[in-house]
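Here is what each chain is made of, one letter per residue.
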Amino acid sequence: MNEELRALYQEVIIDHGRHPRNFKKLEGYSCCQEAYNPLCGDRLTLYLKLDKDKILDASFEGGGCAISMASTSLMIERIKNTRISEAQQLFDSFHHLVTAPDSGADVSAPLGKLKVLGGVRDFPTRIKCATLAWHALKAGLENVDHDKSVSTE
Ligand code: ZN
């Protein structure tokens, strides 16, 4: 990665870290999921508003380091208005981005701006900061009661 691009990526992380987007409690959310990273002290609550197989809206509250705040902010921008199945694929892509050795190939295209976080792969202690929001997302989606309308009565 050239220096100019690295500086630009750094700028996006600092911006989202200091001014996270969608930082609020979501009215009428379908599910909320807490997540905690004891290694760094990052703590967040993710709110999701779902309609069948789609993520209509999302937001979060919490506090932590710039990486965790930026990662959560960027993730929420990316997953709004996507299908749940797509969000689950993004989880895998993001996990690969921050944990797999840089192969040089651009496998991260669907991640968009989230690519700025790829640099954390060089800092193993920060990987959990970057993936915290994604684990909250995965757990939140898995815990949603998809069959709320189904009754055995
Ligand atoms: Zn952190």
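Residues numbered from 1 in each chain as written. Predicted model: local features only at pLDDT ≥ 70, side-chain atom pairs only at ≥ 80, totals over all residues. Heavy atoms only, no water.

### Some thoughts on the packing of aromatic side chains
Next, step 1: Counted under the stated rule, the structure contains three aromatic pairs.
Next, step 2: Pairing Phe 23 with Phe 60 gives two aromatic rings, centres 5.0 Å apart and planes at 85°, and the pair type is edge-to-face. With Phe 23 in the loop between α1 (3-18) and β1 (31-37) and Phe 60 in strand β3 (residues 54-63), this pair connects stretches of sequence that are 37 residues apart.
Next, step 3: A relative accessible area of 40% places Phe 23 in the partly exposed class. (Phe/Tyr/Trp six-rings, centres within 6.5 Å; stacked < 30°, edge-to-face > 60°. Helix = DSSP H or I, 4+ residues; strand = E, 2+ residues; numbered from the N terminus. Buried < 20%, exposed > 50% of the residue type's maximum accessible area, 1.4 Å probe, protein only.)

### So, the environment of Arg 78
Next, step 1: Mapped onto the elements, Arg 78 comes out in helix α2 (residues 66-79).
Next, step 2: Spatially, the C-alpha atoms of Arg 78 and Gly 112 are 7.8 Å apart, while their sequence positions differ by 34 residues.
Next, step 3: Residues in contact with Arg 78, not counting those within four places in the same chain, are Glu 86, Leu 90, Pro 110, Leu 111 and Leu 114. (Contact = heavy atoms within 4.5 Å.)

### A short note on the sheet that holds β3
Next, step 1: Read across the sheet, four strands follow the order β1-β2-β3-β4 without closing on themselves; strand pairing throughout is antiparallel. With one partner strand each, in any of the chains shown, β1 and β4 (82-83) form the two edges of the open sheet.
Next, step 2: Alignment of β1 against strand β2 (residues 42-51), held across seven bridges, turns out to be antiparallel. By the bridge assignment, Tyr 36 is partnered in β2 with Arg 43. (Pairing = 2+ DSSP bridges.)

### Quick word on the confidence of the model for the protein
Next, step 1: For the protein, the mean per-residue pLDDT works out to 90, and 89% of the residues sit at or above 70.
Next, step 2: Predicted confidence for residues 147-151 stays below pLDDT 50, and this span has one contact to residues more than four positions away or in other chains. (pLDDT = per-residue confidence, 0-100.)

### Overview of the side chain of Thr 82
Next, step 1: Within the secondary structure layout, Thr 82 lies in strand β4.
Next, step 2: A polar atom in the side chain of Thr 82 sits 2.7 Å from the backbone oxygen of Ile 79.
Next, step 3: Apart from the residues within four sequence positions on either side, Thr 82 is in contact with Asp 53, Lys 54, Ile 55 and Ala 87. (Polar contact = N/O pair within 3.5 Å; in protein donor to acceptor, adjacent residues only side chain to side chain.)

### Focus: the packing of α1 against α2
Next, step 1: One way to put it is that α1 packs onto α2 with a least axis distance of 7 Å and a crossing angle of 90°. As far as their axial angle goes, α2 and α1 are roughly perpendicular. Contact residues: Val 12, Ile 13, His 16 and Gly 17 in α1; Ala 66, Ile 67, Met 69, Ala 70, Ser 73, Leu 74 and Glu 77 in α2.
Next, step 2: Residues that form the contact of α1 with α2 fall into these classes: seven nonpolar, three polar and one charged. (Axes fitted to C-alpha atoms, helices over the stretch in contact; angles between N-to-C directions. Parallel < 35°, antiparallel > 145°, perpendicular 65-115°, else oblique. Nonpolar A, V, L, I, M, F, W, Y, C, P; charged D, E, K, R; others polar.)

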